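# A structural walkthrough
In case you want the letters, here they are:
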Amino acid sequence: MFDIGSIDEGDFYVKFRLRNKSVGFLWVLVATYGAAQAEHKEAYLTELVQTCEKEVGPILVDGDFNIIRNPFEKNNDRYEDRWPFFFNAIIDSLDLRELDLSNRKFTSANSREIPIYERLDRILVSTEWESKFRLATVQALTREISYHTPLLL
């Protein structure tokens, strides 16, 4: 379905330049895994911004960002103000939009006796990408071996 033009790696991402074979559409996919530890979140977000800012065409960024966007994306009262604020500012500054997840509120659950549920996994797209794939949807699949829910685009 795709020709891969190039692959680039960072500490927290793998970036693919893709061309849809059927229509010749060129775009960038950034698969990311955000730092779980607070001391690495700044480096992660810095790398994310630098990676996405380089792109001028359509882009899709997906993965486990390990940051919630608002308090409703977590099922307990422990909420860190700093990282969601920066994360939302970065999403806005890069002119990205989150594709709605249709069938689940949370994408991650730990294995504690009383689990903490969070929305850590998501798909962000540029307006150019979204205008080409207007009918794109995101669904949560069944979580079987990971504490994260796989997302189907």
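In this numbering scheme, every chain counts its residues from 1 along its sequence in written order. Reporting in this predicted model follows two pLDDT cut-offs: at least 70 for local features of residues, and 80 or more for side-chain atom pairs to be given and counted; totals over whole chains, interfaces and linings ignore these cut-offs and use all residues. Side-chain metrics in this entry use all non-hydrogen atoms of the structure; hydrogen atoms and water are not considered.

### A short note on the packing of aromatic side chains
A ring pair, where both rings are aromatic, is described by two values, the distance of the centres and the angle of the planes. Applied cut-off: Aromatic pairing here means that ring centres of Phe, Tyr or Trp (its six-membered ring) are within 6.5 Å. Orientation follows from the plane angle: under 30 degrees is stacked, over 60 is edge-to-face, and everything else is tilted. Secondary structure is summarised from DSSP: a helix means a run of H or I of at least four residues, a strand means a run of E of at least two, and numbering begins at the N terminus for each. Between buried and exposed lies partly exposed: a residue is buried under 20% and exposed over 50% of the maximum accessible area for its type, with that area taken using a 1.4 Å probe on protein chains only.
The full count for this structure, using the stated rule, is ten aromatic pairs. Judged by centre distance (5.4 Å) and plane angle (80°), the rings of Phe 25 and Phe 133 are edge-to-face. Placement of Phe 25 in the loop between β2 (13–20) and β3 (26–33) and of Phe 133 in the loop between α3 (127–132) and β9 (139–140) is noted, with a sequence separation of 108 residues between them. Where Phe 65 meets Phe 87, the ring centres are 5.3 Å apart and the plane angle is 40°; that geometry is what we call tilted. Taken together, the residues Phe 65 in the loop between β4 (59–64) and α2 (82–93) and Phe 87 in helix α2 connect sequence positions 22 residues apart. Accessibility expressed as a relative area gives 0% for Phe 87, which makes it buried. By way of ring pairs, the aromatic residues Phe 2, Phe 25, Trp 27, Trp 129 and Phe 133 are connected into one cluster.

### Overview of the side chain of Arg 122
For the record, the criterion: The term polar contact refers here to a pair of N or O atoms within 3.5 Å; inside protein, the definition further demands a hydrogen-donor-capable atom paired with an acceptor-capable atom, and it admits residues adjacent in sequence only when both atoms are side-chain atoms. Every residue pair with non-hydrogen atoms within 4.5 Å of one another is taken to be in contact.
Relative to the assigned elements, Arg 122 resides in strand β8 (residues 121–126). Within the structure, the side chain of Arg 122 is placed 2.8 Å from the side chain of Glu 73, a separation counted as a polar contact. Within the structure, the side chain of Arg 122 is placed 2.7 Å from the backbone oxygen of Arg 119, a separation counted as a polar contact. Discounting chain neighbours no more than four positions away, the residues touching Arg 122 are Val 61, Asp 62, Gly 63, Phe 65, Ile 67, Ile 68, Arg 69, Glu 73, Phe 87, Glu 98 and Leu 151.

### Here's the deal with the pattern of salt bridges
Quick note on the threshold: Whenever Lys or Arg places a side-chain nitrogen within 4 Å of a carboxyl oxygen from Asp or Glu, that contact is recorded as a salt bridge.
If you walk through the whole model with that rule in mind, you get ten salt bridges. One salt bridge in this structure joins Glu 98 and Arg 119, with 2.7 Å as the shortest N-O distance. Residue Glu 98 is located in strand β5 (residues 96–98), and its partner Arg 119 is located in the loop between β7 (117–118) and β8; the two are separated by 21 residues in the primary sequence. On the accessibility criterion, Arg 119 (10% relative accessible area) is buried. Put simply, Arg 69, Glu 73, Glu 98, Arg 119 and Arg 122 are held in one network by salt bridges that share partners.

### Focus: unusual backbone geometry
Positive phi outside glycine occurs at Asn 66, with the angle close to 55°. Here Asn 66 shows up in the loop between β4 and α2. For Asn 66, a relative accessible area of 13% translates into the label buried. Positive phi, normally seen in glycine, also occurs at Asp 95, with a value near 55°. Inspection of the secondary structure assignment puts Asp 95 in the loop between α2 and β5.

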